[in-house]
Amino acid sequence: MTMGKTYVFCCYVLLVLWGASTSNGAEEEEAVGVYELKRGDFTVKLTNFGATVLSVVLPDKNGKLDDVVLGFETIDEYKSDKTYFGNIVGRVANRIRGAQFTLNGKHYQLVPNEGDNMLHGGPKGFSEVVWKVKTHKADSHVTFTYQSFDGEQGFPGDLNVMVTYMLIETNKLGIKMEAKALNKATPVNLASHTYWNLGGHGSGNILSHNLTLFAPDITPVDDELLPTGQIASVKGTAYDFRRSRPIGSMFNELTDGYDINYVVDTEGGNKHLKKVAVVKEGKSGRMMELWSNKPGVQFYTSNNLGHLKGKNGTTYSNYAGLCLETQGFPDSVNHPNFPSQIVNPGETYKHVMVYRFTAN
């Protein structure tokens, strides 16, 4: 290859990898990469496609390392994924009835992707885009950013979004989600949609995991899994996890697992964060505590995985993982009695999650 051809080839590679302005002024998409955070035996891998958690490797009580997050073998599989494995979902997580809402007297029609409704931000929500990498320090943090444009999936206004994953001490993973509305009021409700199995991602179902949820109420749903607008006590129902018990212990009282928003107890937290949940897995001895500043948490037991091919040749069946998605209440834009998700121009939405992992 001649020097001239080498130069052209190198420029082409750089263009593909990093993105550059084309002849018509359009900017090429950011490269998709994998970013590792590591302290001792605690390792987290992420990708800027969907700002996604790919893996979390932790020791068990005997020091054995396992990946406790469900996922896929390749990035391409995430691009065609319908489970939202590990993604940041938004602009508005969860469901919006009729894929529409009215704000400040104006009606907004969104892009539906679950029948007539919108789920997790629509067919191309934040889980389906490539985020820019702002900073990455392997023993500390990685920050992803995304500029959501006015009208994206039908939502009003330009929105600057930033998500930082950070290692705290030697056994905590923090997630900080921020979004600033630039020119129009808009709903914002970001959520981390990671599927956990503390026995290891390929260890079977999570029905024997013991769960405590610091939540006295739920927001009941109809047959489309949309809130009715009510807030109901969990007392005396299969939804009551105020005392630790196995997730599967009252499955016979459910139609098909758990997929419901819990109202987080406002007591027992510090000024900023409240304790949301504790999950324990007996065989490994692993325990995960979750803290957040949001009023709700969606508890989902992966009811619809079927037989899905995952990492390391694993096949994930129903109930192979559990999701604890701290959030605003679903469909809040259509329920004035729910906590507002509206962010006005100049305001910043802030959502913090902290996971603490131990094993004994």
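- As recorded by an unreviewed UniProt entry, the protein carries the name Aldose 1-epimerase and is attributed to Rhododendron simsii.
- According to the UniProt record, the Sequence similarities (unreviewed entry) comment for the protein reads "Belongs to the aldose epimerase family."
- On record in UniProt, under Pathway (unreviewed entry), the comment for the protein is "Carbohydrate metabolism; hexose metabolism."

1. A word on the pattern of salt bridges
Then step 1. Taken as a whole and assessed by the stated rule, the structure comprises 11 salt bridges.
Then step 2. Put simply, Asp66 and Lys64 hold a salt bridge, and the shortest N to O gap is 2.8 Å.
Then step 3. According to the relative accessible area criterion, Asp66 is buried, its value standing at 17%.
Then step 4. Between Glu289 and Lys275 there is a salt bridge; the shortest N-O distance is 3.5 Å. Of the two residues, Glu289 is situated in strand S22 (residues 286–292) and Lys275 in strand S21 (residues 274–280); the sequence distance between them amounts to 14 residues.
Then step 5. The class for Glu289 is buried, based on a relative accessible area of 9%.
Then step 6. Among the charged side chains, a network of salt bridges with common partners joins Lys64, Asp66 and Arg286.

2. Looking at the pairing of strand S2 (residues 42–47)
Then step 1. Across the 6 residues of S2, 5 count as buried, placing the element largely inside the fold.
Then step 2. Between the antiparallel neighbours strand S1 (residues 34–39) and S2 lie 2 residues, among them Gly40 with a positive phi of about 60°.
Then step 3. The pairing of S2 with strand S3 (residues 52–59) spans 5 bridges and is antiparallel. Residue pairing in the sheet places Val44 in a bridge with Val56 of S3.
Then step 4. If you look at the hairpin formed by S2 and S3, you'll find 4 residues sitting between the two strands, and Gly50 has a positive phi there, around 75°.

3. What to know about the UniProt feature "binding site: beta-D-galactose" (unreviewed entry) in the protein
Then step 1. Within this numbering scheme, the UniProt entry marks Asn94, Arg95, His193, Thr194, Tyr195 and Asp259 as carrying the feature "binding site: beta-D-galactose" (unreviewed entry). Lining the largest cavity, out of the annotated residues just given, are Asn94 and Asp259.
Then step 2. With respect to the helices and strands, the residue Asn94 is situated in the loop between strand S5 (87–89) and strand S6 (95–96).
Then step 3. In this structure, Asn94 is in contact with Met118, Leu119, His120, Gln298, Gln327 and Pro330, ignoring residues within four places of it in sequence.

4. A word on the environment of Thr228
Then step 1. With respect to the helices and strands, the residue Thr228 is situated in the loop between strand S17 (217–218) and strand S18 (232–233).
Then step 2. Owing to a relative accessible area of 40%, Thr228 belongs among the partly exposed residues under this scheme.
Then step 3. Once residues lying within four places of it in the same chain are set aside, the contact partners of Thr228 are Pro220, Val221, Asp222 and His335.

5. Side note on the pairing of strand S23 (residues 296–300)
Residues in a regular strand project their side chains so that they alternate between the two faces of the sheet.
Then step 1. In terms of burial, S23 is largely enclosed, as 5 of its 5 residues are buried.
Then step 2. Across the two faces of S23 the burial is the same, with Gly296, Gln298 and Tyr300 and Val297 and Phe299 all buried.
Then step 3. Bridge analysis of strand S20 (residues 259–263) against S23 gives 5 bridges, and the strand direction is antiparallel. Bridge assignment links Tyr262 to a residue of S23, and that residue is Val297.
Then step 4. Where S23 lies against strand S26 (residues 323–327), 5 bridges are found, and the strand directions are antiparallel. By the bridge assignment for S26, Gln298 is matched with Glu325.

6. Digging into empty space enclosed by the protein
Then step 1. Inspection of the entire model under this criterion finds 2 cavities of 30 Å³ or more.
Then step 2. The computed volume of the largest cavity comes to approximately 40 Å³.
Then step 3. If you go around the largest cavity, the residues you meet are Asn94, Thr219, Val221, Leu225, Pro227, Asp259, Ile260, Asn261, Gln298 and Pro330.
Then step 4. Per-element accounting of the lining of the largest cavity gives the leading share, 3 residues, to S20.
Then step 5. Residue classes in the lining of the largest cavity are distributed as 5 nonpolar, 4 polar and 1 charged.
Then step 6. What lines the second largest cavity is Gly90, Arg91, Gly121, Lys124, Gly125, Phe126, Ser148, Glu152, Gln153 and Phe155.
Then step 7. In terms of residue class, the lining of the second largest cavity is built from 2 nonpolar, 5 polar and 3 charged.

7. Considering the layout of surface pockets
Then step 1. What the largest pocket holds in volume is close to 770 Å³.
Then step 2. Arg95, Glu114, Asp259, Tyr300 and Asn304 are the residues nearest the centre of the largest pocket, which is lined by 35 residues in total.
Then step 3. Elements represented by at least two residues in the lining of the largest pocket include exactly S20 and S23.

Criteria and thresholds
- Residues numbered from 1 in each chain as written.
- Predicted model: local features only at pLDDT ≥ 70, side-chain atom pairs only at ≥ 80, totals over all residues.
- Heavy atoms only, no water.
- UniProt positions renumbered as here; feature names shortened; annotations may be inferred.
- Salt bridge = Lys/Arg side-chain N within 4 Å of Asp/Glu carboxyl O.
- Buried < 20%, exposed > 50% of the residue type's maximum accessible area, 1.4 Å probe, protein only.
- Helix = DSSP H or I, 4+ residues; strand = E, 2+ residues; numbered from the N terminus.
- Pairing = 2+ DSSP bridges.
- 1 Å grid on protein atoms, 1.4 Å probe; cavity = no way out; pocket = protein on both sides within 12 Å on 5 of 7 lines; lining within 4 Å.
- Contact = heavy atoms within 4.5 Å.
- Points joined across faces, edges and corners; volume = space filled by probe spheres on them.
- Nonpolar A, V, L, I, M, F, W, Y, C, P; charged D, E, K, R; others polar.

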